[in-house]
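Inside the fold
Okay, here's what each chain looks like letter by letter:
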Amino acid sequence: MSHLTDFQTFLLLSILKIVVVLVITLTAVAYTVLLERKVLGRMQNRWGPSRVGPFGLLQPLADGIKLFLKEDLMPMASDKPLFIIAPIIALTCALISIAVVPFGAVTHIAGVDMFAIADINIGLLVILGITSIGVYGIALSGWSSNNKFALLGSLRATSQVISYELALGLSLVGVVLRAGSLRLRDIVASQSAHGALSWNVFGGFQIVAFFIYLMAAYAETNRAPFDLPEAESELVAGFAVEYSSTPYLLFMLGEYVAITTMCALTTIMFLGGWLPPADVWPLNLVSGFVWFMLKVVFVFFMFAMVKAFVPRYRYDQLMRLGWKVFLPLSLFMVVAVAAVLHVFELAP
């Protein structure tokens, strides 16, 4: 009987944890959109959203209601099953990725880890695998729309992922070599020795890998200056040109959830995760979860700032940068980190 009670408690807490993470993620996504619009507004010498609610804080809610109430149109010549399933794939893959991201140190209540839905020993591989599958949603949307702009946008998205997934994965190999593990909590623990100086972006001599990773993350999430799959000035809205109402909202949610996941992964891999910059008073009084959220917001702020002042790359520039610059540089970084670690291992 006690085993049954323990299982019921575990199941209830796990479901509650999933619901809480889902609500927090979707709410965070809504307000990252607002933050981005505010940052872009200030960069362009205007206020940004300020009418709906105090300081424009209810603008995401108004936008969501507006999209839900719009008419859902479907092209007559489209492949209807694929047209419907494409945005679902995009959002689902983005949400699955967040399941293996730990938001804080291990904290057990009734045997349930409260700051991670699934703490697995190959968490990094799972995130990289699921995020690369997410491009199928964009590819299918372009194919099923029966529209030349949508098809071009989806082809661009596919080629971007192939080009930049290699550099993104290789840029993280040095961090994995230094930590000796693919488990995300072990990677955070490997950055805990000397505060901010031990973070991989500083103490691990991974500043070049951090830059490569960040640029590849922009391309992976179709963000400026690599937003070629939905280039408004060339392809109207690219892969999403035929979508409206809820399916369009699902695409936008998927994009911003993927951005949030990338920001969280950046925080874990290079910025010490939930660790404070120094283990001194009063910094060590702040909750690890709060430090994690602050770092994620900082990384997202960098995403928004790049969109404000970096013009869109040409398509041939995008490909050349991925294959001829980032890929060789990331390979060199892997060899360099492995060599340094090998020399230190051999040193007396």
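Now for a quick tour of the structure. (Residues numbered from 1 in each chain as written. Predicted model: local features only at pLDDT ≥ 70, side-chain atom pairs only at ≥ 80, totals over all residues. Heavy atoms only, no water.)

To continue, consider the overall build of the chain. Scanning the chain for helices and strands turns up 13 helices and two strands. Over its C-alpha atoms the chain spans a radius of gyration of 21 Å, differing by no more than 12% from the 20 Å that the globule rule assigns to 348 residues. Counting only C-alpha atoms and orienting by the principal axes, one finds that the chain spans roughly 70 × 60 × 45 Å. Across the 348 residues in the chain, those meeting the buried criterion constitute 46%. (Helix = DSSP H or I, 4+ residues; strand = E, 2+ residues; numbered from the N terminus. Rg over C-alpha atoms; globule rule 2.2 N^0.38 Å. Buried < 20%, exposed > 50% of the residue type's maximum accessible area, 1.4 Å probe, protein only.)

Counting through the fold element by element, A216 comes out in helix α9 (residues 207–220). Put simply, A216 and Y164 are 52 residues apart on the chain and 5.3 Å apart in space, counted from C-alpha to C-alpha. If sequence neighbours within four positions are ignored, A216 has contacts with Y164 and L168. (Contact = heavy atoms within 4.5 Å.)

Here we come to the packing of helix α11 (residues 245–270) against helix α12 (residues 288–309). Across the interface, α11 lies against α12 with an axial gap of 9 Å and an inter-helix angle of 120°. The angle between α11 and α12 falls in the class oblique. Taken as a pair, α11 and α12 cross one another with a handedness that is right-handed. Residues Y256, I259, C263, A264, T266, T267 and I268 of α11 touch α12, and the partners they reach there are F292, K295, V296, V299, F300 and F303. (Axes fitted to C-alpha atoms, helices over the stretch in contact; angles between N-to-C directions. Parallel < 35°, antiparallel > 145°, perpendicular 65-115°, else oblique. Left-handed = near helix turned anticlockwise from the far one by under 90°.)

L172, M269 and F270 are the most contacted members of the largest nonpolar core, which has 58 residues in total. Sequence-distant contacts of L172, that is, excluding residues within four places in its chain, are made with L124, L128, Y213, L265, M269 and F270. Counting 12 residues, the second-largest nonpolar core is a separate cluster that includes I138, A157, V161 and Y243. (Core = buried A, V, L, I, M, F, W, Y, C linked by side-chain atoms within 4.5 Å.)

This model, assessed by the stated rule, comprises 11 aromatic pairs. Here the aromatic rings of F103 and F292 are separated by 5.8 Å at their centres, their planes lie at 85°, and the arrangement is edge-to-face. Note that F103 is positioned in the loop between α3 (80–98) and β1 (108–109) and F292 in helix α12, a separation of 189 residues in sequence. Taken as a pair, F103 and F292 share a single burial class, namely buried. Ring geometry for F226 versus Y313: centroids 5.3 Å apart, planes at 55°, classification tilted. Of the two residues, F226 is situated in the loop between α9 and α10 (232–235) and Y313 in the loop between α12 and α13 (315–346); the sequence distance between them amounts to 87 residues. Since its relative accessible area comes to 29%, Y313 is described here as partly exposed. (Phe/Tyr/Trp six-rings, centres within 6.5 Å; stacked < 30°, edge-to-face > 60°.)

So, on to unusual backbone geometry. Here N45, not a glycine, exhibits a phi torsion of approximately 60°, which is positive. Tracing the chain through its elements places N45 in the loop between α1 (2–43) and α2 (59–69). Residue classification places N45 among the exposed residues on the basis of a relative accessible area of 75%.

Turning to a nonpolar patch on the surface, a few remarks are in order. Taken together, the side chains of Y31, F55, L57, L58, L61, I65, F68 and L69 present a nonpolar region at the surface, about 880 Å² in accessible area. Along the chain, the position of L69 falls in helix α2. (Patch = residues over 30% accessible without salt bridge, like charges linked within 9 Å, V, L, I, M, F, W, Y side chains within 5 Å. Areas by Shrake-Rupley, 256 points an atom, 1.4 Å probe, with all protein chains shown as cover. Salt bridge = Lys/Arg side-chain N within 4 Å of Asp/Glu carboxyl O.)

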